[in-house]
Amino acid sequence: MDLWTKRTAGIIARVALLLSCSYGTTGEEVCDSGLVSNLPPSSFRSSSQLSSSHAPGFAKLNKREGAGGWSPLVSDRYQWLEVDLGERTKITAVATQGRYGSSDWLTSYLLMFSDTGHNWKQYRQEDSIGSFPGNSNADSVVQNKLQQPAFARFLRLIPLDWNPNGRIGLRLETYGCPYTSEVVSFDGGSSGLAFRLSPVPRKTSREVVSLKFKALRNSGTLLQAEGRDGLSLSLELERGKLFLLLRRGGTSSSESRRLASLGSLLDDQHWHHVVLEQKNAHLNLTVDKHTEKVQIPAEFNHWDIKQVLDSQKPIVSKRNFHGCLENLLHNGVNLIELAKNNDHQVTGNVTFSCAEPVSVAVTFTGPQSFLQLPGATASSSGGVSLGFQFRTWNKAGLLLTFDLPQQGGVVWLYLSEARLRLQIHKGGRALLELTAGSALNDGQWHSVDVTSRRSRLMISVDKEEGGVAHANPPFPVTAGGQLFFGGCPAEYHSQDCENPFDVFQGCMRLLAVDNQLVDLITVQQRLLGNYSQLQIDMCGIIDRCSPSRCEHGGRCSQSWTVFHCNCSDSGYSGATCHSAVYEQSCEAYKHNGNTSGHFYIDVDGSGPIKPQLVYCNMTEENTWMVMQHNNTELTRLRPSAGVKQHSVHFQYSAQEEQLSAAISQSEHCEQELSYHCRKSRLLNTLEGSPFSWWLGGPGSGRIQTYWGGAHPGSQQCSCGLQGDCVDQQHYCNCDADRMEWTEDSGLLTHKESLPVRSLVLGDIQRPGSEAAYRVGPLRCHGDSGTASRQKGFRGCIRSLQLNGVTLDLEERAKITPGVQPGCPGHCSSYGSLCQNQGRCVERTNSFHCDCSLSAYTGVFCQTEVSVSFKPGSSVSYTFKEPYELSRNSSALPSSIYSDMTLRGENVSLSFRTNQSPALLLYVSSYYREHLALLINKNGEEDARLIVLPFFNPLHDKLKQHTTLSLQHTKLWKYFFQIDQNAREDFNLTSDGEFNAVKSLVLGRVHESDDFDPDLARLASLGFAGCLSVVQFNTISPLKAALLHPDTSPVVINGPLVQSNCGSAGSANPYVEENTHHLSDQSGSVGSGQPLVNAIRTDSAFIGGVIAVAIFVIVTALAITARFLYRRKETYRNQEAKEVKQEDSQDFSFNNQADSQNISTENPKEFFI
C-alpha cells in the first residue's frame, strides 16, 4: 500500500469517526452545542462596565452571578461585548437575555466576527438586513439562528437599542460546533505548493475543488489546474475580483480566455469560500453565495492542481498570491493536510498557519462622522508629513483639513470628481491648489502622502504610481494644531474646522503623523483625540454592484449609500432596467396606432431574452411579425462541374433564443419554400431517397423531406396533397423531370420544423438541369403569451363566487395591477384608431378595423383608394334589380337596398384633373332617372361643378372642394362644401322621386341613349385624371373594382391604373407604392421562367436605364408643371347628414392595401 493510499485511508477513518459523533438519527449534521457557558471570565471583554459586578464575565445565559449580567458604564451605541471562543469555530445561532432582576435589556443589536480580535466583519442575515431583534424583558430568551453559519474565533455584539426605561443589560449564548481547519500561508514571493496526484483510476467525470482564502493583497494567483493538451484553468485575484481563466499553455504570455468573474472587495482580509465543480464540459464557479455557470473544453477532464511556484518566473500571473488558504479539497481529499505530512512538493516560505498583520481601519458612515487627532509635536522639525490609506465609492468628500495658524489660512485635502485635490485657502481666495490621481472612487485602497519640507509641498497617490503633484509655496506649511479627518464636528464649524465640501464616506487605515502610525484602538477608548459616528476596527464598505442588480446588461455605478443602473441602449427602463421599453408583439404596436414598419419586439417582456428588430406587417387582417434571413430572394442554380449537391445555410437576423421564443409563443407561424425547376427533380418518389431536403427547427435543425404546402414526413409537395401534380405518378411537379419550367411552392406551417436552417438540393448536376429556390422570411402572428411563456387569461369575468359568496371584483380590480374594473374591450381603448367611417370589431386578442363601409382601406381605414383614369376608362357598378329588391328588402341591411324610395344620397369623392368639361360621376335608376356630377367649362381660367338631377341643371361657381347631400322630398335640397369653406345650400322643386338605383358609372358612360345631346357629348368624352375615395352612400365602387373585381358587380372598361395619385405621399418609409394595370382583366402569359435576383450581371445596365428614365421624367414634369399648376383642382364632398351604416351582404372589404399616412394639406388636390 503506497503512502497516498495510507493517508487517504486515515482521512476516511477520521471522517467516519466524526460522522458517528456529529450526526443525529436523521443523518443531518448536529451543530447546536453551547459555546459560551464553559468559558472562563478572561474570554470576555467589553468597551466598559458599570461596576465590577457588571463585568462582561457575568454575561452568560441564565446565570445570576454578580449583578446578573453585563452593563456598560454609559448606554450608547459605542458599547460592545466581545467573546473569545479560543479557536475558529462554526457558529450557527446566538441567544440573548436581559440582566437578571432588572429593567435592562437589548431590543436590537449587531453581530461582528473576527479571527484575530481586529478587522471585524458585520454579519448580515441578508444583503440589506444587519440587525437582530432582541428582548422584550429581562428574563425571556430570544434565539436568532444564522441563515449561513459563521466561522470565527471572536464574536462581538454591539447594542443598537435597549429598554428606554432602563439601560443596556445582556446575557448571551452562542451555539455551534468545532471546526476542522487546515491552513497554509504564502508570502507572495517564491512560496508555493505543487500537488501531483497519483493516477488513481476513476470512472466519474465529476471533479470538485473547494477552498477558502484570505487575501492580504488585491492581486495574485490562487490556483492553477492543468489538463491535457496544454490546457490549464487558473483562479486569479485581480483588484479584489476573482477571475476564472482558460489558457492553452502555462505561461503568462499564453492566450487566455475569461470564463467567469465573481466577487468584489475580496482583499478585505476576511475568509471567502470558493468551489469549482466540473462535470464533463460544464463547470460551476461559486464565490461565497454567488454561482456562475460556464462551459469548458470537453478534453479538460482530469486536473493536475498546482500553486504558483516561482515569483520571478510566474506561470500565469505577474504577482503570486499573498495570503492564506484553508481546507483545499480535491474530491474530498484535504491537500493541505497531505502537504503538511510531506506527501507533496513544498516550495519556498510556506507556513502551515495564518499569520495576519494587525491593521485597524475606521469607517466614516455619514454626515456627522469625523475623526480629530492632534497634529505634529512641538519637537518635530518644521514642515508636515501625513499619510493614510482610504477606499470609497464617492467621487467627492473631505479627507483632511487643518489650519495654518501663522498664515491664518486653512489646508483642505479632498476628493473632487474622483481626483485628489489640495487647496490652501486664505481670506476668501485660494493661495495654492494641487491635483493628483484619477478614478479614486473605485473601492480600492489608495494611499495618500502629504509632505512639506524646505518650502516644497508635495502630494502623491499610491506611492507615486497614481500621480504626484508638487509646488513651492512662499510660506511654511505645518500641521501643529488639530487634524480633522472626514469632516468637522458641529461645534467647530466657525472655529478650528471648516468644511465647504461634501463629507467623506468610506474607510481609512494606516493613519500616520510625522511617520508615526496612530493607534486607533486608543482613539476608540477615548484616550486620544475625538470622534463621532465612526466604526472603528472595521471597514464597512459594501459593493452594491457585485453581483449587479442591474438587469439586461444595464451598467451599475454606485456611491457609498446607493447604486444606480444606466439602462441606455439596453432596451429596458426602471431602477434596475427591469421594465421592457419595447412591446411584446406587433399587435401591441398596432394598438398604439402605428402602421407597418420595423420595430423592436421583446417577446418575453422583462424576461432574459433581448429585444429583436423585426418588420411588422399591419396591412392584412392578421398582424404579422416578419423575421428576415440572409437570402430571401429567388436564387438560380446552374450545373457546376464536380458539384453534385448545392447546400445553403440561412442566417437569421434574430438570435436563436429570440427565434425559439417568437415561434413558441405565436399562434401561427409560416415560411414560404419554393423550388422552380427545369429537368431538376426534387423529392423523387415516396419509396426512393429524396434528391433534396431541408433542415428546420431548433438549433441546427432536423432533416425534413417534405415540401411547402405538404405535411411533415409525407415526402410530398403541395400538389401531391391536392392531387393536381403535372404528372400523377409523382407527388411533386418537379419530379416529372420535364424540360418546361414548373415549380413546387407552398407554406411550411408546422412550428416544430421552423425556421428553415439549411437547404440541400441534389439534382442539379445533369446537363440541361436548371433550378431556382426561394426561402421566404419567417412570419408569425398571434398572442405572444406572457414572460413565463404561459398564456394568461385575457377577457372579462363577472359573477365570480367563492364558497357561495359573490366577490366584489370591481373593487378588487382597482388595486390589482393589470386588471381594470368593468369590461371595456379593445375597441373602447383603441376604437378611435379606426378612421373614415371604419368600424372597430373586437377580436380574441386584439381588434380589427372593418373598412367595408368606408371608401378607404388599410389597417386603420386611412389609406386612399385612388385610380388614374384615361379618357376611355370607366368603372360601372350595378345595383340589384327592382324585383329582387322587393323580394329581399327585409333581409338587406343597407339603406340603398331596403327602401325603394330613397330619402337622400350621400356622395363623396376626391379628384384631380386638368380636363374641362368632364363627367365625374353618373348615377341612373330603373325608372330612367339620372344624377350627374360634372365639371363645365367657364371661360379660360375657371370651371363650374354642375349637378344634374333628372336632367334639371343646378350650377354654381366652384373652385375648391365639395360635399353633396340630396334630400328627395318635394323640395330638393343640395348641400355643397368645398374643402374647408363654408357650406352652401340650394333648393329645387321637383315632382319626381329618385327610386330604384340601377348603376353608378365613373369615367366614360358607354350607354347614353337617353341623354340629351350636351350630356351625351360630355359622357362620351370620359374622364382623364385621378379619382380617389369615391363613396355613394355605403358603396365604394373603386374598392370593389380594385380589390374584389371577381366577387363584386363591377365592369371595368379601358385602361385603369391603381396608384397613389389621390394622396400627398406616404409618410411611412416602409411602404412602397404598388401600381397595377387593370385593362379588361386580361394579359399575356409568359414562359413560366422565374425572375431571380441572383442573376446580377445586368445590374449596371439596369441602373443606367433607371437613371435615364428618372432624368426624362423629371424634365417632363418641369416643362408641364406651369401648365398643370393652374389647371389642377380637386373637390371634396363630405357627408352633411349622418346615415346609419350597416354591413353589406353583397360583398365585404378587408384591408388588403398597405397602410399609409394621409397628408391633410395639398394645395393642388381637393377632396369632395
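Residues numbered from 1 in each chain as written. Predicted model: local features only at pLDDT ≥ 70, side-chain atom pairs only at ≥ 80, totals over all residues. Heavy atoms only, no water.

An unreviewed UniProt entry annotates the protein chain as Contactin associated protein like 3 of Amphiprion ocellaris. The UniProt entry for the protein chain carries this comment under Subcellular location (unreviewed entry): "Membrane". UniProt, in the comment section headed Sequence similarities (unreviewed entry), describes the protein chain in these words: "Belongs to the neurexin family." (UniProt positions renumbered as here; feature names shortened; annotations may be inferred.)

Undergrad: Looking at this structure, I do not really get the pairing of strand E17 (residues 282-287). What am I missing?
TA: Every other side chain in a regular strand lies on the same face of the sheet, so the side chains alternate between the two faces. Examined bridge by bridge, strand E16 (residues 272-279) and E17 share 6 bridges and lie antiparallel to one another. Paired with Glu-277 across the two strands is Asn-284, which belongs to E17. Where E17 meets strand E18 (residues 290-295), 6 bridges bridge the pair, whose relative direction is antiparallel. Considered in E18, the bridge of Val-287 is made with His-290. The loop that links E17 with its antiparallel partner E18 comprises 2 residues; one of these, Asp-288, has a positive phi angle of about 55°. (Pairing = 2+ DSSP bridges. Helix = DSSP H or I, 4+ residues; strand = E, 2+ residues; numbered from the N terminus.)

Undergrad: Just checking my understanding: could you explain the sheet that holds strand E37 (residues 530-532) for this structure?
TA: Hydrogen bonds along the backbone pair up the strands of a sheet, which may run parallel or antiparallel. With antiparallel pairing, 7 strands are arranged side by side in an open sheet as E30-E29-E28-E27-E34-E25-E37. Single-partner strands in this sheet number two, and they are strand E30 (429-436) and E37. The average undirected angle you get between the axes of adjacent strands in this sheet is 15°. Relative to strand E34 (residues 482-485), strand E25 (residues 370-374) runs antiparallel, the two being bridged by 4 bridges. In the sheet register, Gln-372 faces E34, and the bridge partner there is Phe-484. (Axes fitted to C-alpha atoms, helices over the stretch in contact; angles between N-to-C directions.)

Undergrad: How do you make sense of helix H11 (residues 1013-1021) when you look at a structure like this?
TA: Counting along an α-helix, one turn takes 3.6 residues, and residues three or four places apart therefore face a common direction. Residues of H11 that are buried: Leu-1015, Ala-1016, Leu-1018 and Ala-1019. The arc that holds the buried residues of H11, viewed along the axis, is 165°, so those residues lie on one side. Turned more than 90 degrees away from the buried face of H11, the exposed residues are Pro-1013 and Asp-1014. (Buried < 20%, exposed > 50% of the residue type's maximum accessible area, 1.4 Å probe, protein only. Arc of directions from axis to C-beta.)

Undergrad: I'm lost on the sheet that holds strand E49 (residues 693-696) in this one. Help?
TA: With respect to topology, 4 strands assemble into an open sheet ordered E47-E52-E49-E50, the strand pairing being antiparallel. At either end of the open sheet lies a strand with only one pairing partner, and these are strand E47 (646-649) and strand E50 (702-704). The average angle at which neighbouring strand axes cross in this sheet is 20°, direction not considered. With 4 bridges joining them, E47 and strand E52 (residues 756-761) adopt antiparallel strand pairing. Across the sheet, residue Ser-647 finds its bridge partner in E52, namely Val-760.

Undergrad: What exactly am I supposed to notice about the nonpolar core here?
TA: Where a protein is soluble and globular, its nonpolar side chains tend to be buried together. In this structure, Tyr-675, Trp-707 and Leu-759 are the most contacted members of the largest nonpolar core, which totals 52 residues. When residues no more than four places from it in sequence are discounted, the contact partners of Leu-759 are His-646, Ser-647, Val-648, Phe-650, Leu-673, Trp-693, Trp-694, Trp-707, Tyr-773 and Val-775. Leu-399, Leu-432, Leu-440 and Val-518 belong to the second-largest nonpolar core, a separate cluster that totals 46 residues. (Core = buried A, V, L, I, M, F, W, Y, C linked by side-chain atoms within 4.5 Å. Contact = heavy atoms within 4.5 Å.)

Undergrad: Which parts of the structure should I look at to understand the state of the cysteines?
TA: Defined simply, a disulfide is a covalent bond joining two cysteines at their sulfur atoms. Scanning the model with the defined rule gives 15 disulfides in all. Between the sulfur atoms of Cys-567 and its disulfide mate Cys-577 the distance is 2.0 Å. One disulfide, between Cys-567 and Cys-577, carries an S-S torsion of -90° and so falls in the left-handed class. Within this pair, whereas Cys-567 is found in the loop between strand E40 (563-566) and strand E41 (572-573), its partner Cys-577 is found in the loop between E41 and strand E42 (579-580), the two being separated by 10 residues in sequence. On the accessibility criterion, Cys-567 (13% relative accessible area) is buried. (Disulfide = S-S within 2.5 Å.)

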